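Here is how the chains run, residue by residue.
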Amino acid sequence: MAKQEDDFKKVISHAKEYGYVFQSSEIYDGLSAVYDYAQNGAELKKNIREYWWKAMVQLNENIIGIDAAILMHPTTWKASGHVDAFNDPLIDNKDSKKRYRADVLVEDYVAKIEGKIEKEVAKAAKRFGDSFDKKQFLATNQRVVEYQEKADTILKRLGRSLENEDLADVKSLIEELDIACPMSGSKNWTDVKQFNLMFGTKLGANAESAMDLYLRPETAQGIFVNFLNVQKTGRMKIPFGIAQTGKAFRNEIVARQFIFRMREFEQMEMQFFIRPGSQKEWYEKWKENRLKWHLSLGMGEDNYRFHDHEKLAHYADAATDIEFRFPFGFKELEGIHSRTDFDLSQHEKYSGKKLQYFDPELKENYVPYVVETSIGLDRMFLAIFSHSLQEEELENNTTRTVLRLPAVLAPTKAAVLPLVKKDGLPEVAHKIIDDLKWDFNVIYDEKDAIGRRYRRQDAAGTPFCITVDHQTLEDETVTIRHRDTMEQNRVAITDLRAIIAKEVDMKSWLQRMA
Ligand code: GAP
């Protein structure tokens, strides 16, 4: 646990030191769970957004993208169920006066059990070597089976109690599991209470006539209320999808873990409209498709898993999370939800407007069903950033810090470095930049010895360093150094564009999904 915490602290400080993420309003001591993206962070975020948008909108003939407003008519949130049901169960510790999400306390307890299972697996894998069969071990090892049963029983009970709004039982569960306040160790708990997560605001200058609004807690509703407009103007035939990216706001109680759980964050969501009855098939298809998107980034199959929901949200008939192995363990990265016709039917009811589709093949009108994919852009950022940050032992007994971002997403694709600040080398370096900048984000760096500059770019995640030296003046060649292998090759300046494009081209990365 201490190592996990230590690794995570390194992620946070690296994100600051290398211009990725800053605490919001830091000069005023910051605003809790609100963050700003700095020069490199903004680029990485933009690249992730583009990687998602291309995979969803550009590569699917039947998906189109929109950009709906953050502020919506307040009845939207009544219809969607958020006013009544978008709550977190809270519990206070009477001694420490700290407030927690009751379900998170229980889930953290279960995560510890899962940690024990992982330890047993690692031990056995070491013992049995190549002949180790993880699946069989998980199914037959007595201790592991018991751990798993315990974890499953706890999560089932938690899911049932939350679904039935049985908050007294959630408290009993916390007491039975002997869960203590992580701050004080005290087990002196209050009752569990519900707390609505939406941020309120007002429209209009006049106090009497001002309208109470909410900052949207999800982007999805902007798609539902536009369903018919988009379907008609785009002449879309079911099945089809509407995608969008944008800010969402939640007054999270347990705001922690850096950009994992924020109060202002960005979602990338896609609502796929289908015939009633076909939801199982599409749910499975989107599960598969979205996992392929993640795997295309090459961050290791073992770092992802599905977690099917026991407790379904008020709108879903099936739901799963794609979980990622964050520095603090496996946690939700993306949700895939079969939302039935809940949202459109509710908006029909509350608006009095028909939100139906005439199916020319079936020759009938119906309210479409929806399968949604919903991923947090900031959470994806954290997954990529934390996975990429590595301390590497080198042959000469030194270490280097390297940020092995997938090259396609790296904020800067190449740094151009004159070996010395004289003899006309800076001028040549700037000329190379002027040529490459039309295709890639490239930067110039002349400060410090060349070795230090390489290390700086490794830590910033730049896939290539291009060094201009005296030989360049004679034969128009440079050395190009690869971040991951540290290999250096002498190449013609005229070949640079093609060499870089080969590694960063979004098309070839996305084609890995096929
Ligand atoms: N429209 C469905 C929906 O909003 P959700 O599971 O509440 O579903 C979807 O959120 C995704 O949004 C999550 O998987 C997560 O990646 C991201 N997300 C949710 N709350 C977040 C928060 N407070 N901070 C950062 N990302 C968050």
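Keep in mind that this is a model prediction, so the values were computed, not measured.

(A) Representation of the pattern of salt bridges within the structure. A complete count under the given rule lists 46 salt bridges for this structure. In this structure, Asp-108 and Lys-331 form a salt bridge, with 3.8 Å as the shortest nitrogen-oxygen distance. Linking Asp-108 in helix H5 (residues 102-128) with Lys-331 in strand S13 (residues 329-340), this pair joins segments that are 223 residues apart in sequence. For Lys-331, a relative accessible area of 19% puts it in the buried group. Among the salt bridges present, the one from Arg-305 reaches Glu-323, with a minimum N-O distance of 2.7 Å. With Arg-305 in strand S11 (residues 304-308) and Glu-323 in strand S12 (residues 318-326), the pair connects residues that are 18 residues apart, well separated along the chain. Several salt bridges converge on common partners, so that one network encompasses Glu-392, Arg-400, Arg-404, Asp-458, Arg-481, Arg-483 and Asp-484.

(B) A look at the sheet that holds strand S4 (residues 87-92). What the three strands build is an open sheet, ordered S5-S4-S6; its pairing is antiparallel. On the outer flanks of this sheet lie strand S5 (99-101) and strand S6 (193-196), each paired with one strand and no other. The average undirected angle you get between the axes of adjacent strands in this sheet is 45 degrees. Set on the sheet, H5 makes contact with S4 and S5; between it and S5 the angle comes to about 70 degrees.

(C) Region of interest: the domain arrangement of the protein chain. What the domain assignment reports for the protein chain is domain 1 (52-74 + 197-390), domain 2 (87-196) and domain 3 (412-513). Placing a centre on the C-alpha atoms of domain 2 and another on those of domain 3 gives a separation of 49 Å.

(D) Representation of the sheet that holds strand S20 (residues 442-444) within the structure. With mixed pairing, the five strands of this open sheet are ordered in space as S20-S19-S21-S22-S23. Edge strands, defined here as strands with exactly one partner in the open sheet, are S20 and strand S23 (488-492). Each neighbouring strand pair of the sheet contributes to a mean axis angle of 25 degrees, computed without reference to strand direction. Bridging between strand S22 (residues 477-482) and S23 involves five bridges; their strand directions are antiparallel. Each bridged residue has a counterpart across the sheet, and for Val-478 the counterpart in S23 is Val-491. Its contacts with the sheet place helix H14 (residues 425-436) against strand S19 (414-418), S20, strand S21 (464-468) and S22, and it is angled at close to 165 degrees to S20.

(E) Inspection of the packing of aromatic side chains at higher detail. As enumerated under the stated definition, the model contains 24 aromatic pairs in all. Ring centres of Tyr-20 and Phe-381 lie 6.4 Å apart, and the angle between their planes is 70 degrees; on these two criteria the pair is classed as edge-to-face. Placement of Tyr-20 in the loop between helix H1 (2-17) and strand S1 (21-23) and of Phe-381 in helix H13 (residues 377-388) is noted, with a sequence separation of 361 residues between them. Taking the centre distance of 5.2 Å and the plane angle of 80 degrees together, the rings of Phe-260 and Phe-326 count as edge-to-face. One end of the pair, Phe-260, is in the loop between strand S9 (240-249) and strand S10 (264-274); the other, Phe-326, is in strand S12, with 66 residues separating them in the sequence. When sorted by exposure, Phe-260 lands in the same class as Phe-326, which is buried.

(F) Inspection of the pairing of strand S18 (residues 399-403) at higher detail. Looking at chain direction, strand S17 (residues 389-393) and S18 are connected through five bridges and run antiparallel. Within S18, the position partnered with Glu-392 by the bridge is Arg-400. Linking S17 to S18, which pair antiparallel, is a turn of five residues; within it Asn-397 sits at a positive phi near 65 degrees.

(G) View of the environment of Leu-496. Relative to the elements of secondary structure, Leu-496 occurs in helix H17 (residues 496-504). With 60 residues separating them along the chain, Leu-496 and Leu-436 place their C-alpha atoms 8.2 Å apart. With residues near it in sequence (within four places) discarded, Leu-496 still touches Ile-432, Leu-436, Ile-466, Val-478, Ile-480 and Val-491.

(H) Representation of the site of the ligand. As a structural note, the neighbourhood of the ligand is formed by 22 residues, with Glu-218, Arg-250, Met-262, Glu-269 and Glu-332 the closest of them. Within the side chain of Glu-218, one N or O atom sits 2.7 Å away from a nitrogen atom of the ligand. Between the ligand and Arg-250, the relevant distance is 2.8 Å, taken from an oxygen atom to a side-chain nitrogen or oxygen of the residue. Among the secondary structure elements, those contributing two or more residues to the shell around the ligand are S10, S13 and strand S16 (369-376). It is S13 that provides the largest number of residues to the shell around the ligand, a total of six residues.

About the thresholds
Residue numbers here run from 1 along each chain, matching the order of that chain's written sequence. A pLDDT threshold of at least 70 governs which residues receive local features in this predicted model, and a stricter bar of 80 or more applies before side-chain atom pairs are shown or counted, although totals over entire chains, interfaces and linings include all residues. Excluding hydrogens and water, the side-chain figures rest on all heavy atoms present in the structure. Note on definitions: salt bridges are taken to be side-chain nitrogens of Lys or Arg within 4 Å of carboxyl oxygens of Asp or Glu. Numbering of helices and strands runs from the N terminus; a helix is a DSSP stretch of H or I covering at least four residues, while a strand is a stretch of E covering at least two. Categorising residues by exposure relies on relative accessible area from a 1.4 Å probe, with only protein chains included: less than 20% of the type maximum marks a residue as buried, more than 50% marks it as exposed, and the intermediate range marks it as partly exposed. Pairing between strands is defined by DSSP: at least two bridges between them are needed. To get an axis, fit a line to the C-alpha atoms, keeping to the stretch in contact for a helix; angles then go from 0 to 180 degrees between the N-to-C directions. Pairs of residues are marked as contacts when any of their non-hydrogen atoms sit within 4.5 Å. Segment limits for the domains were obtained from an automatic or database-derived domain assignment. Aromatic rings from Phe, Tyr and Trp, with only the six-membered ring used for Trp, were paired whenever their centres fell within 6.5 Å, and each pair was classed as stacked if the ring planes differed by under 30 degrees, edge-to-face if by over 60, and tilted otherwise. Throughout this document, a residue counts as near a molecule or strand when at least one of its heavy atoms sits within 4 Å of that molecule or strand. By the criterion applied in these results, polar contacts are pairs of N or O atoms within 3.5 Å in which, for protein atoms, one can donate a hydrogen and the other can accept it, and in which residues neighboring in sequence qualify only through two side-chain atoms.

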